Amino acid sequence: MDLPGKQKRHLRGLGHELHPLVTIGGNGLSESVLSELNQTLEHHELIKVKVNAGERDEKKVLIAEMVEKSKATLVQTIGHVALLYRRAEQPKLQLPK
């Protein structure tokens, strides 16, 4: 799902105060981490994920894999933190048109 700029700006503003709820460690994106990620996205819709990868390229690959497998939208990355959004079945967040 690709979001227009106005919606991404809105989500970045909401994500500013959030703390990372999921951490991807040295073992990468395991099934248990992916399950936790999906549950957290369904409950919160907008989450921060901390990616503990050594190299920048490793981090980009992990984030791309995480976005693809969770069917989420990457809103922003800053350092080792990615902001992800996935609309829940019963949405809580209102996005601007």
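Details of the structure are given in the entry above.
Read on for an overview of the structure. Just so it is clear, the model here is predicted, and its values are computed rather than measured.

This part takes up the side chain of K48. Topologically, K48 is positioned in strand β2 (residues 46-51). An unpaired buried charge is present at K48: no salt bridge exists, and E17, the closest side chain of opposite charge, is 9.7 Å distant. Only 3.2 Å separates the side chain of K48 from the backbone oxygen of G15, close enough to count as a polar contact. With near-sequence residues (within four places) excluded, K48 lies in contact with G15, H16, L18, H19, P20, L21, V22, V81, A82 and L83.

Looking at the secondary structure, you find S70 in helix α3 (residues 56-70). Classification of S70 as buried rests on a relative accessible area of 1%. In contact with S70, other than residues within four places in its own chain, are L34, L37, N38, L41 and R86.

What follows concerns the sheet that holds β2. If you trace the four strands from one edge of the open sheet to the other, you get β1-β2-β4-β3, paired in mixed fashion. One side of each edge strand has no neighbouring strand; the edge strands of this open sheet are β1 (20-24) and β3 (73-78). Between one strand axis and the next, the sheet turns through 30° on average, direction left out of account. Together, β1, β2 and β4 (81-85) form the strand contacts of helix α2 (residues 31-44), whose direction differs from that of β1 by roughly 165°.

Next up on the list: the nonpolar core. Residues L37, V49, M66 and L84 are the most contacted members of the largest nonpolar core, which totals 18 residues. Broken down by secondary-structure element, the contributors of at least two residues to this core are β1, α2, β2, α3 and β4. Counting residues in hydrophobic clusters, the runner-up holds seven residues, among them L3, L46, L83 and Y85.

Time to look at unusual backbone geometry. At E45, a position not held by glycine, the phi torsion is positive, near 70°. Note that E45 resides in the loop between α2 and β2. The residue K71 is not glycine, and still its phi comes out positive at about 55°. Summarising the element assignment, K71 is placed in the loop between α3 and β3.

Scoring rules and cut-offs
- Residues numbered from 1 in each chain as written.
- Predicted model: local features only at pLDDT ≥ 70, side-chain atom pairs only at ≥ 80, totals over all residues.
- Heavy atoms only, no water.
- Helix = DSSP H or I, 4+ residues; strand = E, 2+ residues; numbered from the N terminus.
- Buried < 20%, exposed > 50% of the residue type's maximum accessible area, 1.4 Å probe, protein only.
- Lys, Arg positive; Asp, Glu negative; His and termini not counted.
- Salt bridge = Lys/Arg side-chain N within 4 Å of Asp/Glu carboxyl O.
- Polar contact = N/O pair within 3.5 Å; in protein donor to acceptor, adjacent residues only side chain to side chain.
- Contact = heavy atoms within 4.5 Å.
- Pairing = 2+ DSSP bridges.
- Axes fitted to C-alpha atoms, helices over the stretch in contact; angles between N-to-C directions.
- Core = buried A, V, L, I, M, F, W, Y, C linked by side-chain atoms within 4.5 Å.

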